[in-house]
Amino acid sequence: MTLRLYDTATRSVRDFVPREAGKVGVYLCGLTLQAPPHIGHLRSGVNYDVLRRWLLAAGFEVTFIRNVTDIDDKILIKAQEQERPFWSIAYANELKLAEAYRALNVLPPTYEPRATGHIPEMHQLIAQLIERGHAYPATDDSGDVYFDVRSWPAYGALSNQSPDEMQSAADAPERGKRDPRDFALWKGVKPGEPADAYWPSPWGLGRPGWHIECSAMCWRYLGAEFDIHGGGLDLIFPHHENELAQSQAADLPFARYWVHHGLLGIGGTKMGKSLGNALDLAYVAGLGVRPVELRYYYVAAHYRSRIDYSEEALREAAVAYRRIEGFVQRSVERVGVGQLGEVPAAFAAAMDDDLNTSAALAVLHDVLRDGNNALAGGDDVTVRTALASVRAMLDILGVDPLDPAWTGGARASDLRGVVDSLVALALEQRAQARVRKDWAAADALRDQLKRAGVVVEDTPQGPRWTIGEHD
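Please read these numbers as outputs of a predicted model, since none were measured by experiment.

Cut-offs applied
- The numbers attached to residues start from 1 for each chain and follow its sequence in the written order.
- This being a predicted model, a pLDDT of at least 70 is required before a residue's local features are given, and a value of 80 or more before pairs of side-chain atoms are given or counted; all residues contribute to the totals for chains, interfaces and linings.
- Just so you know, side-chain values use all the structure's heavy atoms and leave hydrogens and water out.
- Put simply, a salt bridge is a Lys or Arg side-chain nitrogen that is within 4 Å of an Asp or Glu carboxyl oxygen.
- To qualify as a helix, a DSSP run of H or I must reach at least 4 residues; to qualify as a strand, a run of E must reach at least 2; elements of each kind are numbered from the N terminus.
- Residues enter patches when their relative accessible area tops 30% and they take part in no salt bridge; the joining distance is 9 Å for like charges and 5 Å for the nonpolar side chains Val, Leu, Ile, Met, Phe, Trp and Tyr.
- The Shrake-Rupley method, run with a 1.4 Å probe sphere, supplies the accessible areas, and residue values consider only the shown protein chains as cover.
- Contact between two residues is taken to exist if any of their heavy atoms lie within 4.5 Å; hydrogens are not considered.
- UniProt positions are given in the numbering used here, feature names are shortened, and annotations may be inferred rather than shown by experiment.
- Burial status follows relative accessibility: with a 1.4 Å probe on protein chains alone, a residue under 20% of its type maximum counts as buried, one over 50% as exposed, and anything between as partly exposed.

Opposite charge on two side chains makes pairing possible when the charged atoms of those side chains draw close. Applying the stated criterion to the full structure yields 32 salt bridges. Its salt-bridge partner being Arg4, residue Asp15 comes within 2.5 Å of it at the nearest N-O pair. Of this pair, Asp15 sits in strand 2 (residues 12–15) while Arg4 sits in strand 1 (residues 4–7), and the two are eleven residues apart along the sequence. With a shortest N-O distance of 2.8 Å, Asp73 and Arg207 are connected by a salt bridge. Here Asp73 is found in helix 2 (residues 73–82), whereas its partner Arg207 is found in strand 8 (residues 206–208), with 134 residues between them in sequence. One connected set of salt bridges, linked through shared partners, spans Asp73, Lys187, Glu193 and Arg207.

Rendered as structure tokens:
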């Protein structure tokens, strides 16, 4: 089955046909670095990481570009509030973002360009737009340069709206514009802005508009035309609409597919620092939920669906993942780690159907059920087959419990030995408490282990333990 993706531009699910056979170029709009990332931001990285892993599994050579915006009005406001250089704020948050992505086992991009590193390319694109009659310098000596929306008849096609129905672009004052809907390509220096937040240009000292940054970086790293442009639904307008218009007006064919993910909100509203409802990885850790369980929470939903965060749903996802993890651990005890197997045809069909991870997980749970039955029945051949298949599916989703990303880089066998020794010590103390009929102490030890994620089960052969809850 051919991979099919929902394309925002055509508002339809389309067969994915790469521009060049065997190769895929992907550009994902990354974060604006005015603040550390919250779990709403991080959903984007996980969603497109799954897409990338599936493309890699299909044998494609993937060039994956994920930018960061390190110069922007929001960052400059923070710089003034905190009396810090804008670049120090951006860099500090860039490091926190990278740390969060590592914690969630998001593969590093092929390149992760910063906007400030591509000013020459932006100047070149702006000059081409002016030459072609699609952009103009403001006549008020502000140094601003604007894209002429009326000069591009296709403007509004991506977001499926008419320019006549659009509100004014709010990214610059209207005094130098020909039309309120025109948007800024270059912003001249304004009084009161940080002294280090500008660059020389043919139109005067200034800095880039937000939209031209991504067009320039797409062009620099993926060429005039590439396969997939990704980002959140909130970026379709104005950001991606403006990217598309200015790129094509500069004679760049640009993206062949537009793939947008749903947002993660809270209480029916958007999650954000300014709203005071932003939750980060530290908050999630405080609930006793591990990064791998948060990632599972993300992939359990279809990438285009909206997630309205609730602690209950997150905990349910964590419990579901621990059951999967428990099967993997019990199976490894019985038949060893082995190798990754093939994903079932039904799993592949679900992934090819616009990355339907919820349907893919249903297939995984079917195999898991068969594997648990085989464990109970002592059928090691079926256990080995089920384990290899389950791990292959989990690997595509980035949540294989034996992935070094989740074991701290240690080999699974080495890590198991260390944990076995520590748990054995606690179980020995519990056994001694039971011998002396100190039931309170025995129960307390069991409860302490459970809080640490270790579930003890008393069997006729003696106590056995697993990570997380068992069926």
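Having put the structure on the table, let's press on.
Now for a nonpolar patch on the surface. Taken together, the side chains of Val189, Tyr198 and Leu205 present a nonpolar region at the surface, about 240 Å² in accessible area. Among the structural elements, Leu205 can be located in the loop between strand 7 (183–188) and strand 8.

Further remarks concern the environment of Ser168. Here Ser168 lies in the loop between strand 6 (145–147) and strand 7. Sequence separation of Ser168 and Pro120 is 48 residues, and the distance between their C-alpha atoms is 28 Å. When residues no more than four places from it in sequence are discounted, the contact partners of Ser168 are Glu174 and Pro180.

As recorded in UniProt, the feature "binding site: Zn(2+)" (unreviewed entry) lies at Cys29, Cys214, His239 and Glu243. These annotated residues cover 215 residues of sequence, and their C-alpha atoms all fall within 11.0 Å of one another, placing them together at a single site. Within the fold, Cys214 resides in helix 5 (residues 210–222). Dropping the residues within four chain positions of it, Cys214 is found in contact with Tyr27, Cys29, Asn67, His239 and Glu243. Given a relative accessible area of 0%, Glu243 falls into the buried group. Contact partners of Glu243, with chain neighbours within four places excluded, come to Cys29, His211, Cys214, Ser215, Cys218, His229 and Phe254.

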